Amino acid sequence: DAKTTQPPSMDCAEGRAANLPCNHSTISGNEYVYWYRQIHSQGPQYIIHGLKNNETNEMASLIITEDRKSSTLILPHATLRDTAVYYCIVTDKLIFGTGTRLQVFP
Amino acid sequence: GAGVSQTPSNKVTEKGKYVELRCDPISGHTALYWYRQSLGQGPEFLIYFQGTGAADDSGLPNDRFFAVRPEGSVSTLKIQRTERGDSAVYLCASSFPTYGYTFGSGTRLTVV
């Protein structure tokens with residue numbers, strides 16, 4: 001199973017873009033990149049996923065490098081409600097790591 | 001229903017007792033996962049079903065834990081002879097393959 005590396009924590013000012021990086025250097029060709037977030041005491045929430053092309057939805061954008069060894073989740077205009085732990089996952093089995101704790105401040 | 005439903009939302013049991021946790025996935029979702037999450041930790045994979053069969057049960061910590069999905073829809077996680085260390089939030093998720101998984105709100109199990 002591919003493993004991921006994320007910074008343990010990040011801060012972002014409200015209204016600014018939050019860019020959350022993830023390294024997944026051992027990803028295999030058929031493994032998708034998934035992003036989830038978990039707000040305190042709730043179940044994880046799906047954000048976005050992709051295989052090799054960049055993806056965008058109403059919540060976020062996902063930028064995957066050409067070699068697929070890393071990706072960046074972009075929240076274009078962070079709000080206080082985006083404060084959560086963000087998980088990057090690259091296996092079909094959805095193995096969660098420790099994630100990045102994003103704190104959005106006023 | 002519109003989402004993944006887990007019941008009960010909270011369960012308190014005495015050490016040594018047997019408990020069952022239920023997960024109702026989104027209708028038509030073929031894949032179903034169970035996780036458990038301890039305070040301050042990420043969700044820990046337990047077992048994965050594709051249809052009725054357990055495609056991967058490598059995350060079950062020991063033989064006190066067992067899960068079934070007899071008709072490929074509702075799943076039950078069963079824990080025998082509960083221990084205080086089993087206290088956690090148990091999460092269920094369902095999906096079509098390669099789509100994003102939808103998680104339930106979890107069952108908070110407390111073993112006293």
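Nothing here was measured: the structure is a model prediction, and the numbers come from that model. (Residues numbered from 1 in each chain as written. Chains lettered and ligands numbered in written order. Predicted model: local features only at pLDDT ≥ 70, side-chain atom pairs only at ≥ 80, totals over all residues. Heavy atoms only, no water.)

J.: Teacher, can you tell me more about the pairing of strand β4 (residues 31-37) of chain B here?
T.: Look at any regular strand and the pattern is simple: side chains alternate between the two faces of the sheet. Residue and element names in this part refer to chain B. Of all 7 residues in β4, 7 are buried, a share of seventy percent or more. Bridging between β4 and strand β5 (residues 44-50) involves 6 bridges; their strand directions are antiparallel. Bridging from a neighbouring strand, Ala31 pairs with Gln50 of β5. From the end of β4 to the start of β5, which pair antiparallel, there are 6 residues, and Gly40 there has a positive phi angle of about 80°. (Buried < 20%, exposed > 50% of the residue type's maximum accessible area, 1.4 Å probe, protein only. Helix = DSSP H or I, 4+ residues; strand = E, 2+ residues; numbered from the N terminus. Pairing = 2+ DSSP bridges.)

J.: How do you make sense of the side chain of Thr100 of chain A when you look at a structure like this?
T.: Residue and element names in this part refer to chain A. Inspection of the secondary structure puts Thr100 in strand β9 (residues 100-105). We classify Thr100 as buried; its relative accessible area is 0%. In this structure Thr100 touches Gln6, Pro7, Pro8, Ser9, Met10, Leu20, Ala84, Val85 and Tyr86, once residues within four positions along its chain are discounted. (Contact = heavy atoms within 4.5 Å.)

J.: Before we go on, may I ask you to explain the state of the cysteines in this structure?
T.: Between two cysteines, a covalent bond joining their sulfur atoms is known as a disulfide. All names here are of chain A. Tallied over the entire structure, the rule returns 2 disulfides over all chains. The disulfide partner of Cys22 is Cys88, and the gap between their sulfur atoms is 2.1 Å. Across the S-S bond linking Cys22 and Cys88, the dihedral sits near -80°, which makes this disulfide left-handed. Here Cys88 lies in strand β8 (residues 84-89) and Cys22 lies in strand β2 (residues 18-23), a separation of 66 residues in the sequence. Cys88 carries the same exposure label as Cys22, and that label is buried. (Disulfide = S-S within 2.5 Å.)

J.: Mind showing me how you'd approach the pairing of strand β7 (residues 65-68) of chain B here?
T.: Residues and elements named next belong to chain B. Side-chain alternation along β7 places Phe65 and Ala67 on a buried face and Phe66 and Val68 on a face that remains uncovered. For β7 and strand β8 (residues 75-79), the ladder comprises 4 bridges, and the chain directions are antiparallel. Residue Val68 lies in a different strand from β8, and its bridge partner there is Thr76. A loop of 6 residues connects β7 with β8, the two strands running antiparallel in sequence, and Gly72 in this loop sits at a positive phi of about 75°.

J.: Can you walk me through the packing of aromatic side chains in this structure?
T.: Note on aromatic pairs: each is described by the distance of the centres and the angle between the planes. In total, this model carries 13 aromatic pairs over all chains according to the counting rule given. Pairing Tyr36 of chain A with Phe103 of chain B gives two aromatic rings, centres 5.7 Å apart and planes at 85°, and the pair type is edge-to-face. Separated into two different chains, Tyr36 of chain A in strand β3 (residues 33-38) and Phe103 of chain B in strand β10 (residues 102-103) make up a pair that spans both. As far as burial versus exposure is concerned, Tyr36 of chain A and Phe103 of chain B are alike and both buried. (Phe/Tyr/Trp six-rings, centres within 6.5 Å; stacked < 30°, edge-to-face > 60°.)

J.: Sorry, what's going on with the sheet that holds β8 of chain A here?
T.: Paired through backbone hydrogen bonds, the strands of a sheet run either parallel or antiparallel to each other. Residue and element names in this part refer to chain A. The strand order across the open sheet built from 5 strands is β1-β9-β8-β3-β4, with neighbouring strands paired in mixed fashion. Both outer strands of the open sheet, β1 (9-13) and β4 (45-50), are each paired with one neighbouring strand and no more. The mean angle between the axes of side-by-side strands here comes to 25°, regardless of whether they run parallel or antiparallel. One ladder, built from 3 bridges, connects β8 with β9; its direction is antiparallel. Along β9, the bridge assignment pairs Val85 with Arg101. (Axes fitted to C-alpha atoms, helices over the stretch in contact; angles between N-to-C directions.)

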